[in-house]
Amino acid sequence: MKAKVTAAVSVAVVLGLTLGCGGGRTDHEADGKSASGSAGGRAPEEAAGPPKAEEDGPTARLRRAELEKTEVAGLVIEEAPPGTAGRGTPGSDLPECLPLANALGSEPDPKPLGSVVSTFAGAGEDDDLEGLLGTIRVAEYRPGGAAATLGRLRSAAAACTGGFRMRTGEGESQVFDAVETVAAPKLGDEAAAFRLSNAVEEAPSLITVVRTGDVLSMFFATSLGDPERVRIPGQLVAAQVRKVVAVQRGEAGSDEDEGEDVGTEEG
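Residues numbered from 1 in each chain as written. Predicted model: local features only at pLDDT ≥ 70, side-chain atom pairs only at ≥ 80, totals over all residues. Heavy atoms only, no water.

**Here we look at the overall build of the protein**
Moving on, step 1. The helix and strand tally for the protein stands at five helices and nine strands.
Moving on, step 2. Here the protein, with 267 residues, has 47% of them falling under the buried criterion.
Moving on, step 3. With the model as given, the accessible surface of the protein reaches about 12,400 Å², and the carbon-plus-sulfur share is 48%. (Helix = DSSP H or I, 4+ residues; strand = E, 2+ residues; numbered from the N terminus. Buried < 20%, exposed > 50% of the residue type's maximum accessible area, 1.4 Å probe, protein only. Areas by Shrake-Rupley, 256 points an atom, 1.4 Å probe, with all protein chains shown as cover.)

**What about the sheet that holds strand E7 (residues 190–198)?**
Moving on, step 1. Taken in spatial order, the nine strands of this open sheet run E1-E3-E4-E9-E8-E7-E6-E5-E2, and their pairing is antiparallel. A single partner strand is all that each edge strand has here, and the edge strands are strand E1 (75–79) and strand E2 (91–92).
Moving on, step 2. Strand contacts of helix H4 (residues 145–159): strand E6 (173–182), E7, strand E8 (205–212) and strand E9 (215–223), with the helix running at about 40 degrees to E7, the strand carrying the most contacts.
Moving on, step 3. Lying on the sheet, helix H5 (residues 234–249) is in contact with E1, strand E3 (114–122), strand E4 (132–140), E8 and E9; it crosses E9 at an angle near 160 degrees. (Pairing = 2+ DSSP bridges. Contact = heavy atoms within 4.5 Å. Axes fitted to C-alpha atoms, helices over the stretch in contact; angles between N-to-C directions.)

**Side note on the pairing of E6**
Moving on, step 1. Relative to E6, strand E5 (residues 164–167) is paired through four bridges, and the arrangement is antiparallel. Across the sheet, the residue bridging to Phe164 is Phe176, located in E6.
Moving on, step 2. Taking the residues that link successive antiparallel strands as the turn, the E5-E6 hairpin has five residues, and the phi of Gly171 there is positive, at about 95 degrees.
Moving on, step 3. Both E6 and E7 contribute to a ladder of six bridges, which runs antiparallel. Considered in E7, the bridge of Val182 is made with Ala193.

**Some remarks on the confidence of the model for the protein**
Predicted coordinates in regions of low pLDDT should not be interpreted in detail.
Moving on, step 1. The predicted model of the protein has a mean per-residue pLDDT of 77, with 69% of residues at 70 or higher.
Moving on, step 2. For the protein, helix H1 (residues 2–14) is the element with the lowest average pLDDT, namely 46, and H4 is the one with the highest, namely 97.
Moving on, step 3. Residue range residues 252–260 is modelled with pLDDT below 50. Its contacts to residues more than four positions away, or to other chains, number 12 contacts.
Moving on, step 4. In this model, residues 263–267 is a region of pLDDT below 50 whose contacts with residues beyond four sequence positions or in other chains number 14 contacts. (pLDDT = per-residue confidence, 0-100.)

**Quick look at the pattern of salt bridges**
Here the idea is simple: oppositely charged side chains can pair when their charged atoms come close.
Moving on, step 1. Counted under the stated rule, the structure contains seven salt bridges.
Moving on, step 2. A salt bridge links Arg63 to Glu66, with the nearest nitrogen and oxygen atoms 3.6 Å apart.
Moving on, step 3. With relative accessibility at 2%, the residue Glu66 sits in the buried group.
Moving on, step 4. In this structure, the salt-bridge partner of Arg63 is Glu79, at a minimum N-O distance of 3.3 Å. In this pair, Arg63 sits in helix H2 (residues 58–63) while Glu79 sits in strand E1, placing the two residues 16 residues apart along the sequence.
Moving on, step 5. Its relative accessible area of 29% is what places Arg63 among the partly exposed residues. (Salt bridge = Lys/Arg side-chain N within 4 Å of Asp/Glu carboxyl O.)

**Some thoughts on the environment of Arg167**
Moving on, step 1. With respect to the element layout, Arg167 can be found in strand E5.
Moving on, step 2. Taking relative accessible area as the criterion, Arg167 reaches 45% and is therefore assigned partly exposed.
Moving on, step 3. Along the chain, Arg167 and Thr89 lie 78 residues apart, while their C-alpha atoms are 8.7 Å from each other.
Moving on, step 4. Setting aside its immediate chain neighbours within four residues, Arg167 contacts Thr89, Pro90, Gly91 and Glu172.

Laid out in structure tokens, this is it:
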């Protein structure tokens, strides 16, 4: 088990995960507010007075779609501190696999108009979620950019089934010996899911992507518990997509659909 936990920690670094994300709010929220000054770690939906240009752009709009800390049962969701998604530009030994490496880094290609990042971790006494941790990146693209980005990820997964070597933006080397396209949730306009197996370590990296219009909701996960049971909870994906759709429609409410777990097997 110690070897598996060590492996999972290394994969967590590749995913840019904050390993302490399940233990409460981050340091910049010591006074009960985030760096943006909002209670509960989220930016306020309405500011006093006329909004500044940067407060009325894609990123500000996407902040209204961020999930609250305990919004999804069994998980703790945090506003990600700077650097959570990694730094620098990733690289790959195979050009056709670069979209997958980019997805695991902090600089998506093409660059979105705006994005927000959150972390999630298993909480409570749900053994099925023990050790689970991951990130959510919600990004808005120029017209056609989200569909093109998802298409490149699909093409990369199909071309890289035999694996690839990756260098993170921080210079850490990782080797994936297999890339598998797995069952994706039936949400949004289209969705895809992938499982990347590490050549040396036992903890896989999971990626689920849902496109709703020009917005991509991307979920990344690994596990510090039993890496073989790592999954991306369907209720998390469904909750995030509902909020994105609500923001796109200018609505505040959402349904209570739970969704199915995704990222563990084909179906």
